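Okay, here's what each chain looks like letter by letter:
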Amino acid sequence: MAEPMKIRTQLNGDVADIRVAMMHIMETGQRKDPRTAEVIPAHYIQQVQATVNGKTVLSAQWGPAVSKNPFLGFRVRGVKAGDKLVVSWEDNKGERNSAEAVVK
Amino acid sequence: MTLTRTLRRTLAAALLAGAGLGAAAAAEVYREHHPRAAIDPAQGAAGDFSGTYGFWKDAAALERHRDWAGSTDPNAWKLNWKYPDLVDSGDVHAGHVAVDEGERFVRRAAAREPGFLACLGEGRNELKGVAAGYPKYDAKLKKLMTVEARVEHCAKAELWDDVRQGSPLNTKIAAYVKSQSAGLPIRVDLSAAPVMAAYRRGEQLFYTKVGQLNFACASCHTPGSIMGHKLRGEVPTTPFGDAAHFPTYRTPVGEVESLHQRFGRCLNQMRAQPLKPGDPAYVDLEVFYTVLSNGYPITVPSIR
């Protein structure tokens, strides 16, 4: 389940503008397969975490209302070039993914 | 149900016939046409007939009216949906991920079969700038080739692999190939007779009414039509410049889609049967559309 995740950072002074593109199906559990009339099981990201040099800077609880292939943008203060950023998520099936980037 | 299906088939046949594929059948089908707008193919994107070119022709123009973007301002359509290319230029979105996936496939395949890269690069082991000249006539294959057709051809010829047009993999590889020409102006060569002929056929298709609603593409995408007016929450824009950002990541779909797949979506809205990606009629339409983007820079990866 290592679908790629892509991170871009842009440093303005000590504020890092961070943008993350995640690839996830984000099934709500509300849709039915039109052919079989069976409910498509829910499958969505529940926990998102971002750390800078190991320190948590963002922690979020997501739900089925977030779109497929979500985009996450946020700013972190007190960051310098070369800091290590890690973004990770865990979904309702317990699948996890994470990606690293060096702030620049 | 069955009736609609039969009707749709007939209409698809009619669209095909309009492409000159069945000249005999074309004579029997009653067709209506939207009045033609004057287009000078030599002008490319700058020949835009909607009067909006000045709003989307470059970054400075887009910046000037940035406040229209995503707003309910009745002028917003004049940006021709080009502002996501600008806003997202330093950004990251699923279009980038798709390009990465396409690149990974090409690299892996080329490591196994170097001929694959040479085939995509038309003899050079290099893809930079290649896509800017598409669609083009391939004298060896005696065929009009789009980037997607080239990908399918090279996969078959060099990898013995079926990477059919319209498949997610084909579209991702095509997006990668096009991204290697990002920023370069499109230059479809109209001096090649088969390309000019395709342009004329594509133009004809653009004005031909099809489907249960008897719409032509021109019914929504020319001045004096629905273009610039609200249509169920959307506003149809000019066809000029469109080819530059395809394949594009479609947020409502969650996938990258090729220009042919977009044609299919509009045909569905027109209640006409869409054709298969790669169909000769779509290739003609793509030639027409891409000539209307001549001189405009390629902006792949993109998001719409």
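Quantities reported herein were computed from a predicted structural model and do not represent experimental measurements.

How each quantity is defined
Residues take numbers from 1 onward in each chain, read along the sequence in its written order. Each chain gets a letter, beginning with A, and each ligand a number, beginning with 1, in the order they are written. The model is predicted, so local features are restricted to residues of pLDDT at least 70 and side-chain atom pairs to those at 80 or more, both for listing and for counting; the totals for chains, interfaces and linings are taken over all residues. Remark: hydrogens and water are excluded; side-chain values derive from all non-hydrogen atoms of the structure. Contacts were defined at the residue level, with two residues in contact if any of their heavy atoms lie within 4.5 Å. Once two parts are joined, some of their accessible surface, as seen by a 1.4 Å probe, is lost; buried area is that loss totalled over both. Counted as salt bridges are all cases of a side-chain nitrogen of Lys or Arg within 4 Å of a carboxyl oxygen of Asp or Glu. Residue type decides the class: Asp, Glu, Lys and Arg count as charged, Ala, Val, Leu, Ile, Met, Phe, Trp, Tyr, Cys and Pro as nonpolar, and the leftover types, Gly among them, as polar. Side-chain rings of Phe, Tyr and Trp, where Trp is taken by its six-membered ring, are said to pair if the distance between their centres is within 6.5 Å; with planes under 30 degrees apart they count as stacked, over 60 as edge-to-face, and otherwise as tilted. Runs of E in the DSSP output that reach at least two residues are strands. Runs of H or I that reach at least four are helices, and both are numbered from the N terminus. Per-residue accessibility, obtained with a 1.4 Å probe over protein chains only, is compared with the maximum for each type, and a residue is labelled buried under 20%, exposed over 50%, and partly exposed between these values. Multiply 1.5 Å by the residue count of a helix minus one, and that product is the helix's expected span. Each domain's extent is set by a domain assignment, obtained either automatically or from a database. Any pair of N or O atoms that falls within 3.5 Å is considered a polar contact. Within protein, one atom must be able to donate a hydrogen and the other to accept it, and sequence-neighbouring residues count only if both atoms are side-chain atoms. If DSSP finds at least two bridges between two strands, the strands pair.

In this section: the interface of chain A and chain B. In this assembly, ten residues from chain A lie in contact with 15 residues from chain B. Here chain A meets chain B over a buried area of about 1,100 Å², counting both sides, of which 55% is carbon and sulfur. Linking chain A to chain B there are two salt bridges. With a closest N to O distance of 3.5 Å, Lys68(A) and Glu255(B) form a salt bridge. Split into classes, the residues belonging to the side of chain A that touches chain B amount to five nonpolar, one polar and four charged.

Residue and element names in this part refer to chain B. All chains considered together, the criterion is met by 13 aromatic pairs over all chains. Relative to Phe-116, the ring of Phe-105 has its centre 6.2 Å away and its plane inclined at 80°; by these criteria the two rings are edge-to-face. Remark: Phe-116 occurs in helix α7 (residues 114-120) and Phe-105 occurs in helix α6 (residues 94-112); sequence separation between them is eleven residues. Residues Phe-105 and Phe-116 agree in their burial class; the two are buried. Of the aromatic side chains, those joined through ring pairs into one cluster are Tyr-199, Phe-206, Tyr-207, Phe-263, Tyr-282, Phe-288 and Tyr-289.

Looking now at helix α13 (residues 280-291) of chain B. All names here are of chain B. In this model α13 runs 17 Å from its N-terminal to its C-terminal C-alpha over twelve residues, within 8% of the 16 Å that 1.5 Å per residue would give. By the criterion of burial, α13 is predominantly enclosed, with eleven of the twelve residues buried. Looking at the buried side of α13, the elements it contacts are β2 (143-145), α8 (147-159), α10 (193-207), α11 (218-221) and α12 (259-269).

What follows covers unusual backbone geometry. Generally, phi is negative for residues other than glycine and the peptide bonds are trans, each holding for most cases. Residues and elements named next belong to chain B. For the bond from Phe-246 to Pro-247, the omega torsion is -5°, close enough to zero to count as cis. Turning to its location among the elements, Pro-247 is positioned in the loop between α11 and β3 (248-250). Although it is not a glycine, Arg-271 sits at a positive phi angle of roughly 55°. As for its placement among the helices and strands, Arg-271 is situated in the loop between α12 and α13. Residue class for Arg-271 comes out partly exposed when judged on its relative accessible area of 43%.

So, about the domain arrangement of chain B. All names here are of chain B. The assigned domain composition of chain B is domain 1 (3-86 + 190-291) and domain 2 (94-179). At the junction of the two partners, domain 1 supplies 21 residues and domain 2 supplies 17 residues. Taken together, the two surfaces of domain 1 and domain 2 that pack against each other cover about 1,400 Å², and 72% of this comes from carbon and sulfur. Joining domain 1 to domain 2, the criterion identifies zero salt bridges. Our count for the domain 1 to domain 2 interface comes out at three residue pairs in polar contact (both at pLDDT 80 or more).

All right, on to the pairing of strand β2 (residues 15-21) of chain A then. Residue and element names in this part refer to chain A. Within β2, seven of the seven residues are buried, which leaves the element mostly enclosed by the surrounding structure. Taking every second residue as pointing to the same face, both faces of β2 are buried, with Val-15, Asp-17, Arg-19 and Ala-21 on one and Ala-16, Ile-18 and Val-20 on the other. Looking at chain direction, strand β1 (residues 6-12) and β2 are connected through seven bridges and run antiparallel. Paired with Asn-12 across the bridge in β2 is Val-15. Counted between consecutive antiparallel strands, the loop separating β1 from β2 contains two residues, among which Gly-13 sits at a positive phi close to 65°.

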